[in-house]
Amino acid sequence: MPRCPACYSRLNASVMTVDVRPALSGVDLLAAGRFQDALVPLRLALSLGDTAPADLLNLAIAEDRAGDRDRARRLMRQVAVQLPNWDEPVLRLAESLRAAGETAAAEEAYHAALALNPGRLEALIALSGLLLMRGRTEPAREMLIQCCGMAPENAEAWNALGLALKATDAASLALTAFIKAQDLAPNRLDYVLNGVDVAVQADEAQAELARLTSAADENPLGPALRIGRGMLLERLGRRDEAIDALEAATELTPDSLVPLRLLGGVLARSNRAGEAERVLRRLGELDPANPQVLNDHAVVLMRLHRHAEARAILLDILARIGSAPSVLCNLGNATVCLGLQDEAVNIARRAVRLFPDTVLSRRAMCNTLPYHDATTGAELLAAMRECSAVIPRVPQPPLTNSPEPDRPLVVGLLSGTLRTHPVGWLTVAGIELLDPSQFRIVCLAQNDARADPIARRYRTAARDWIEIDNLSDVAVATCAREKGIDILIDLGGYGDAARMAACANRLAPVQIKWVGMQAHSSGLAEMDWFLTDRWETPDGFDDLYSEKLLRMPDGYVCYSPPSHAPDVGALPALKNGFVTFGCFNNLAKITPRTIETWAEILRRLPNARMILKTHQLSDRPTADGFLAHFAALGVSGERIETRGSSGHRAFMGEYGDVDIVLDPFPYSGGLTTCEALWMGVPTITLPGEIFASRHSASHMINAGLPDWVAGSAGDYVAMAIAKAGDLDSLAQLRMGLRTKVAQSPLCDAPRFAKNLGAALRHTWRTWCADRS
């Protein structure tokens, strides 16, 4: 650590009486950042009688950086007493206090250093930062203007001034300060990223993009400018270009952590999960002790349906660093997706116990309870309400929507899954056929997938498409209000990439929960209606929901069959000589009680077989675990076939090997039931009390097959045996089922859109009547 000239004078005067070589060696090690190594020569110098203030201060700095703050501060104070007019020991004491988070004491020490040397830039800059943290933006700004005037070539001063100007809502001036800092230190990534943030706030993003592009061309080997350009492109919604820019930056610094983290984050948000996984795996290799990197990697693995790998990583994080809300939340989700419902709920309860006021913990409980056998409607509603209670809310100005009951309405869709996804298959047909003279669609979308065929249908239906990935919940509310949204429909719940929490800030006069993690009531105090039908929520179920129930006259969804679905084939039992049951649902839905019920059916039909197909069964240990469960119940593994991931056309085609679908419970199939019906395969289902348990019942009844809905577990078993014993009826049903489904309310898009429009109008008129 360099010494001031006065100290060098003192040291040179003492050369004849004290060996200064250890102290000099220690200074060299300090300058190299080898603080632990510097302690040895500096302590030796002290033991040899070197009590020069500068040497004592260098020892103090080494002690502080090596972890012994108490000893370091005693030495700093000792030097300050020895040389009461020297600001250096007081400044070093302030830095030690600030590094330890003792901000009040640090602020006092910085003031003391400035009293000794009013022009000390390090003290002015650091003190202004502490003032900014306390919200004292005006004095911080004035102090930093003074710094920039005193040292116009000091990049850190300009960057700090930019932060102060940003805090006082002077975004345009802040951008000017950040650009000056970048000109002085073009390789400082933090300066560049600060400029990106305020450029967006100042509505100068396009001009800043042009400047960054030009600067990056002039400095082709500088990664910071390319990274900044990439992140600004991301903020502008030009994600593919952003990824290209970030990839170019990582090629310049292949082992640098920050560019890889930023690239991994953008890839994860872009639905390019496979590429994101490779980047995050590389990051984990470079920074194996970083729990955030490992956690992010686990999240991407879950999006790739590699839940067993994700779970192993998350358990390792917990073992090494202990509990954290995000890790426990992700672990609960990974665990339930492996069919370990009891364990998943216990993890969620642990998260709530440790972090009761954290939204993530409450979301974990809301997302695991629906899959648990013992969950009641009242218990799930309570969990949802408890989650609602901890969501932060920011007071919003009064709504200005005109309460005219019959005027054209602006309908907002809030979702991260407006694409090929269960939300897309089950909602897009109704949305695109709403009367455009009565309803103008605004999509508030995340994870945009422009090339996706269903995303294109939503874009065609929408008058406005707004990407909200980079907006806070409050900013989403502001955006929705600026767009004049009258009715907001949430299509995400508490799922991945979902933004239902934004609705707590009241995006629109009327807010409706519809498909998308619609397991039960949202519990959200600000959610007004819950779109349903009379089979999902029969009379008497109203008290299990916090919202008013908006019952559709037919089903609550409209299925859009894929054009690539193969033709329906003959009943496989006629060729095989035995019945094949099947279930292609997520393992999260397959509970121990479900397996026990299926095992009973297979024991009573000893020639029958069963096919289980889902992403998670691509993992051999996971598949073997399920086979072992069946074996323990008297059903040999030879009778159970497990199948993993496949493309969607192949997935649909594999229903050609199935005679009857057995629905899981308590969380029933939704889209999978519709897909099976389209492929000529009916589903035996057992509805329960929660909303998620009744999806298949609604679909089967709307398809004209109420006789496939069981009233009890005993009825479910008896129905499976009876249906399997009547192959002629089963074969006849199969060959006519696609036509029957196509003509049913389940797929009648014009009929559904008319009903949906009437339902939306009803909610609006209700709101208008309440205003009168």
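Residues numbered from 1 in each chain as written. Predicted model: local features only at pLDDT ≥ 70, side-chain atom pairs only at ≥ 80, totals over all residues. Heavy atoms only, no water.

> Would you mind showing me how to read the overall build of the chain here?
Within the chain one finds 35 helices and twelve strands. The 772 residues of the chain split such that 57% are buried. Look at the contacts in the chain between residues 6 or more apart in sequence, and 66% of them connect residues 24 or more apart. Taken as a whole, the chain presents about 30,900 Å² of accessible surface, with 53% of it coming from carbon and sulfur. Of the side-chain charges in the chain, 80 are positive and 91 negative, and the distance between the mean point of each set is 1 Å. (Helix = DSSP H or I, 4+ residues; strand = E, 2+ residues; numbered from the N terminus. Buried < 20%, exposed > 50% of the residue type's maximum accessible area, 1.4 Å probe, protein only. Contact = heavy atoms within 4.5 Å. Areas by Shrake-Rupley, 256 points an atom, 1.4 Å probe, with all protein chains shown as cover. Lys, Arg positive; Asp, Glu negative; His and termini not counted. Charge placed at Lys NZ, Arg CZ, Asp CG, Glu CD.)

> Would you mind going over the pairing of strand β6 (residues 529-533) with me for this structure?
For a regular strand, the rule is simple: side chains alternate between the two faces of the sheet. Here β6 lies mainly inside the structure; five of its five residues are buried. What you see with β6 is no split at all: Trp529, Leu531 and Asp533 on one side and Phe530 and Thr532 on the other are buried throughout. Two strands pair when backbone bridges link them, and strand β5 (residues 510-513) and β6 are joined in this way by two bridges, in the parallel orientation. The residue bridging lysine 513 from the neighbouring strand is phenylalanine 530, located in β6. (Pairing = 2+ DSSP bridges.)

> I keep staring at the packing of helix α16 (residues 257-269) against helix α17 (residues 273-286) and nothing clicks. Help me out?
Helix-helix packing is described using two parameters, namely the angle between the two axes and the distance between the axes. It is the contact of α16 with α17, at a shortest axis distance of 8 Å, that shows an interaxial angle of 155°. In this view, α16 runs roughly antiparallel relative to α17, as classed from their interaxial angle. Our pair here, α16 against α17, has a crossing hand that is left-handed. Contact residues: Leu257, Leu260, Arg261, Leu263, Gly264, Leu267 and Ala268 in α16; Ala273, Glu275, Ala276, Val279, Arg282, Leu283 and Leu286 in α17. Of the residues contributing to the contact of α16 with α17, the split by class is ten nonpolar, one polar and three charged. (Axes fitted to C-alpha atoms, helices over the stretch in contact; angles between N-to-C directions. Parallel < 35°, antiparallel > 145°, perpendicular 65-115°, else oblique. Left-handed = near helix turned anticlockwise from the far one by under 90°. Nonpolar A, V, L, I, M, F, W, Y, C, P; charged D, E, K, R; others polar.)

> Hey, could you run me through the packing of aromatic side chains in this one?
The geometry of an aromatic ring pair comes down to the distance between the two centres and the angle between the two planes. If you walk through the whole model with that rule in mind, you get ten aromatic pairs. With a centroid separation of 5.3 Å and an interplanar angle of 75°, the aromatic rings of phenylalanine 665 and tyrosine 716 are classed as edge-to-face. With a gap of 51 residues between them, phenylalanine 665 in the loop between β11 (660-662) and α31 (671-678) and tyrosine 716 in helix α33 (residues 713-724) connect regions that are remote in the sequence. Per residue, the accessibility class of phenylalanine 665 equals that of tyrosine 716, and both read buried. Ring pairing ties together the aromatic residues Phe530, Tyr545, Tyr556 and Phe691, which thus form one cluster. Seen from the ring of phenylalanine 578, arginine 609 lies directly overhead, with NZ or CZ sitting 4.8 Å from the centre. Here lysine 723 stacks its cationic end above the ring of tryptophan 708, 4.4 Å away from the centre of that ring. (Phe/Tyr/Trp six-rings, centres within 6.5 Å; stacked < 30°, edge-to-face > 60°. Lys NZ or Arg CZ within 6 Å of the ring centre and 35° of its normal.)

> Help me understand the pairing of strand β2 (residues 439-445), please; the structure alone is not making it clear to me.
Within β2, six of the seven residues are buried, which leaves it mostly tucked inside the rest of the structure. Of the strand pairs in this sheet, strand β1 (residues 409-415) and β2 are connected by seven bridges, and their pairing is parallel. Bridge pairing links valine 410 to arginine 440 in β2. Traced from β1 through helix α24 (residues 422-432) to β2, the parallel crossover comes out right-handed. One ladder, built from five bridges, connects β2 with strand β3 (residues 462-467); its direction is parallel. If you follow alanine 445 over to β3, its bridge partner there is glutamate 467. Once you follow β2 into helix α25 (residues 453-461) and on to β3, the crossover reads as right-handed. (Right-handed = clockwise from strand over helix to strand, strands pointing away.)

> Sorry, what's going on with unusual backbone geometry here?
Residues apart from glycine generally show negative phi values, whereas peptide bonds are mostly found in trans. Cis geometry is found at the peptide bond from phenylalanine 665 to proline 666, where omega equals 15°. Inspection of the secondary structure assignment puts proline 666 in the loop between β11 and α31. One non-glycine residue, aspartate 203, lies in the positive phi region at around 60°. With respect to the helices and strands, the residue aspartate 203 is situated in the loop between α12 (189-201) and α13 (205-218). On the basis of relative accessibility, which here comes to 72%, the residue aspartate 203 falls in the exposed class. Backbone geometry places methionine 517, a non-glycine residue, at a positive phi of 50°. Residue classification places methionine 517 among the partly exposed positions, given a relative accessible area of 35%.

> I would appreciate a short explanation of the nonpolar core in the present structure.
Among soluble globular proteins, nonpolar side chains are generally buried collectively. Counting residues in hydrophobic clusters, the biggest one holds 108 residues, and the most contacted among them are Trp514, Tyr559 and Phe581. Counting residues in each nonpolar core, the second largest holds 59 residues, with Leu59, Leu75, Leu131 and Cys148 among its members. (Core = buried A, V, L, I, M, F, W, Y, C linked by side-chain atoms within 4.5 Å.)

> Sorry, what's going on with the confidence of the model for the chain here?
When pLDDT drops low, the exact placement of atoms in the prediction is not to be read closely. Overall, the prediction assigns the chain a mean pLDDT of 92, with 97% of residues at 70 or greater. Of the regions scoring below 50 in pLDDT, residues 1-18 engages in 23 contacts with residues more than four places distant in sequence or in other chains. (pLDDT = per-residue confidence, 0-100.)

> Any chance you could explain α17 here in plain terms?
Because an α-helix completes one turn every 3.6 residues, residues spaced three or four positions apart along the sequence face the same direction. Taking 1.5 Å per residue, 14 residues should reach 20 Å; α17 reaches 20 Å between its end C-alpha atoms and fits that length. Within α17, burial applies to Ala273, Ala276, Glu277, Val279, Leu280, Leu283 and Gly284. Close packing links the buried residues of α17 with α16 and α18 (291-303). (Expected span 1.5 Å × (residues − 1).)

> How should I be thinking about α12 in this particular structure?
Its 13 residues give α12 an end-to-end C-alpha distance of 19 Å, which sits within 8% of 18 Å, the value for a rise of 1.5 Å per residue. Here α12 has its buried residues at Leu189, Tyr191, Val192, Asn194, Gly195, Val196, Val198 and Ala199. Aspartate 203 occupies a position one or two residues after α12 and carries a positive phi of about 60°.

> What am I meant to see in the pattern of salt bridges here?
Opposite charge on two side chains permits pairing when their charged atoms draw close. Per the stated rule, a full pass over the model turns up 51 salt bridges. In this structure, the salt-bridge partner of lysine 166 is aspartate 197, at a minimum N-O distance of 4.0 Å. Pair noted here: lysine 166 is in helix α10 (residues 155-167) and aspartate 197 is in helix α12, with a separation of 31 residues, a long-range link. Residue class for aspartate 197 comes out partly exposed when judged on its relative accessible area of 27%. Look at the salt bridges and you will find they share partners, linking Asp87, Glu88, Arg92, Glu95, Arg120 and Glu122 into a network. (Salt bridge = Lys/Arg side-chain N within 4 Å of Asp/Glu carboxyl O.)

> What is the right way to read the side chain of arginine 311 from this model?
Positionally, arginine 311 belongs in helix α19 (residues 307-321). The class of arginine 311 is buried, set by a relative accessible area of 15%. For arginine 311, the residues in contact, after removing those within four places along its chain, are Leu331, Ala334, Thr335, Leu338, Leu340 and Glu343.

> I'm lost on the sheet that holds β11 in this one. Help?
What holds strands together in a sheet is hydrogen bonding between their backbones, with the strands either parallel or antiparallel. Judged by pairing direction, the sheet is parallel, and its five strands sit side by side in the order β10-β9-β8-β11-β12 without closing on themselves. Sheet topology places β10 (640-643) and β12 (683-684) at the edges, where each strand pairs with a single neighbour. Judged from the two bridges that link them, β11 and β12 form a sheet pairing that is parallel. When the bridges of β12 are listed, valine 661 appears paired with threonine 683.

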